[in-house]
Amino acid sequence: MTIFGMTVSLATIWFLAAGVLAVIEAITLGLTSIWFAGGAVGAAVAAMLGAPLIVQIIVFLVLSAILLAVTRPLVKKRLNAKTEKTNVDALIGQTGMVEEKITQYKPGQVRADGKIWTAACESGEIKKGTIVIIKSIKGVTIMVEEINKEG
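Keep in mind that this is a model prediction, so the values were computed, not measured. (Residues numbered from 1 in each chain as written. Predicted model: local features only at pLDDT ≥ 70, side-chain atom pairs only at ≥ 80, totals over all residues. Heavy atoms only, no water.)

### Observations regarding the environment of Glu25
Positionally, Glu25 belongs in helix H1 (residues 10-28). As for Glu25 and Ala37, which are separated by 12 residues in sequence, their C-alpha atoms are 9.0 Å apart. Side-chain polar atoms of Glu25 contact the backbone nitrogen of Ser33, separated by 3.2 Å. A distance of 3.3 Å separates a polar atom in the side chain of Glu25 from the backbone nitrogen of Ile34. (Helix = DSSP H or I, 4+ residues; strand = E, 2+ residues; numbered from the N terminus. Polar contact = N/O pair within 3.5 Å; in protein donor to acceptor, adjacent residues only side chain to side chain.)

### Considerations on the sheet that holds strand E5 (residues 108-112)
On the basis of which strands lie adjacent, the closed barrel formed by five strands has the order E3-E5-E6-E9-E8 and mixed pairing. Across the sheet, the mean angle separating the axes of adjacent strands is 55 degrees when strand polarity is ignored. (Pairing = 2+ DSSP bridges. Axes fitted to C-alpha atoms, helices over the stretch in contact; angles between N-to-C directions.)

### Digging into the packing of H1 against helix H2 (residues 33-48)
Pairs of packed helices are described in terms of their axes, by the angle between the two and the distance that separates them. Following both chains from N to C, one finds H1 and H2 inclined at 170 degrees, their axes separated by 8 Å at the closest point. What the angle tells us is that H1 and H2 run roughly antiparallel. Two packed elements cross with a definite hand, and for H1 against H2 that hand is left-handed. Where H1 approaches H2, its residues Leu10, Ala11, Trp14, Phe15, Ala17, Ala18, Leu21, Ala22, Ile24 and Glu25 are matched on the opposing element by Ser33, Ile34, Phe36, Ala37, Ala40, Val41, Ala43, Ala44, Ala47 and Met48. Its residues assigned to classes, the contact of H1 with H2 shows 18 nonpolar, one polar and one charged. (Parallel < 35°, antiparallel > 145°, perpendicular 65-115°, else oblique. Left-handed = near helix turned anticlockwise from the far one by under 90°. Contact = heavy atoms within 4.5 Å. Nonpolar A, V, L, I, M, F, W, Y, C, P; charged D, E, K, R; others polar.)

### Brief notes about the packing of aromatic side chains
Enumeration over the complete set of coordinates arrives at two aromatic pairs. Seen in terms of ring centroids, Trp14 and Phe60 are 5.3 Å apart; in terms of plane orientation they differ by 35 degrees. Their pairing is tilted. With Trp14 in helix H1 and Phe60 in helix H3 (residues 53-79), the pair connects residues that are 46 residues apart, well separated along the chain. Note on Phe36 and Phe60: the rings are 6.4 Å apart at their centroids and 40 degrees apart in plane angle, and the pair reads as tilted. Remark: Phe60 occurs in helix H3 and Phe36 occurs in helix H2; sequence separation between them is 24 residues. Owing to a relative accessible area of 32%, Phe36 belongs among the partly exposed residues under this scheme. Assessed through its relative accessible area of 16%, Phe60 is described here as buried. (Phe/Tyr/Trp six-rings, centres within 6.5 Å; stacked < 30°, edge-to-face > 60°. Buried < 20%, exposed > 50% of the residue type's maximum accessible area, 1.4 Å probe, protein only.)

### Quick notes on the side chain of Thr130
With respect to the helices, strands and loops of the structure, Thr130 is situated in the loop between strand E7 (125-126) and strand E8 (131-138). With relative accessibility at 17%, the residue Thr130 sits in the buried group. At 2.7 Å, the side chain of Thr130 and the backbone oxygen of Lys127 are in polar contact. Sequence-distant contacts of Thr130, that is, excluding residues within four places in its chain, are made with Gly96, Met97, Val98 and Glu146.

### What about the environment of Val110?
Note that Val110 resides in strand E5. Taking the C-alpha atoms as reference points, Val110 and Met97, 13 residues apart in sequence, are found 5.4 Å from one another. With residues near it in sequence (within four places) discarded, Val110 still touches Gly96, Met97, Val98, Glu99, Ile102, Lys115, Ile116, Trp117, Ala119, Val132, Ile142 and Val144.

### Some details on the pairing of E5
Here E5 shows a buried face lined by Gly108, Val110 and Ala112 and an unburied face lined by Gln109 and Arg111. Across three bridges, strand E3 (residues 95-100) lies against E5 in antiparallel orientation. Considered in E5, the bridge of Met97 is made with Arg111. Where E5 meets strand E6 (residues 115-121), five bridges bridge the pair, whose relative direction is antiparallel. Bridging across to E6, Arg111 finds its partner in Ile116. A loop of two residues connects E5 with E6, the two strands running antiparallel in sequence, and Asp113 in this loop sits at a positive phi of about 55 degrees.

Structural data, given as structure tokens:
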């Protein structure tokens, strides 16, 4: 193939495309273009083996799709393995102080993380001033349990 008066093999073009895609991946870290860089390397190999352009394009598309479908979920899972609890989820396991009496039939209020939250309990009654632990969150209500529950 002749580009700007220079003869360049299709394999070189595919390798250049793979390099550009790899650089884009390095800059963005989006786990999208790296799979196409792998497809371009496969197409370059097909070009070196003398395959026609249509076969090279098919190799590029098929290999890119296979790499994307098979490896992206595995890589995403490994990269996202260390998620931190944020916002409301971070409240679970923390303690708070009851500001308004809580019963299993009537929610009360708990001060936790410097804020007042609507709170409920599974059973019994928790009086004002009691220290509680946040067990879960249901909608916008925190579910609490008395820390030093006698019984």
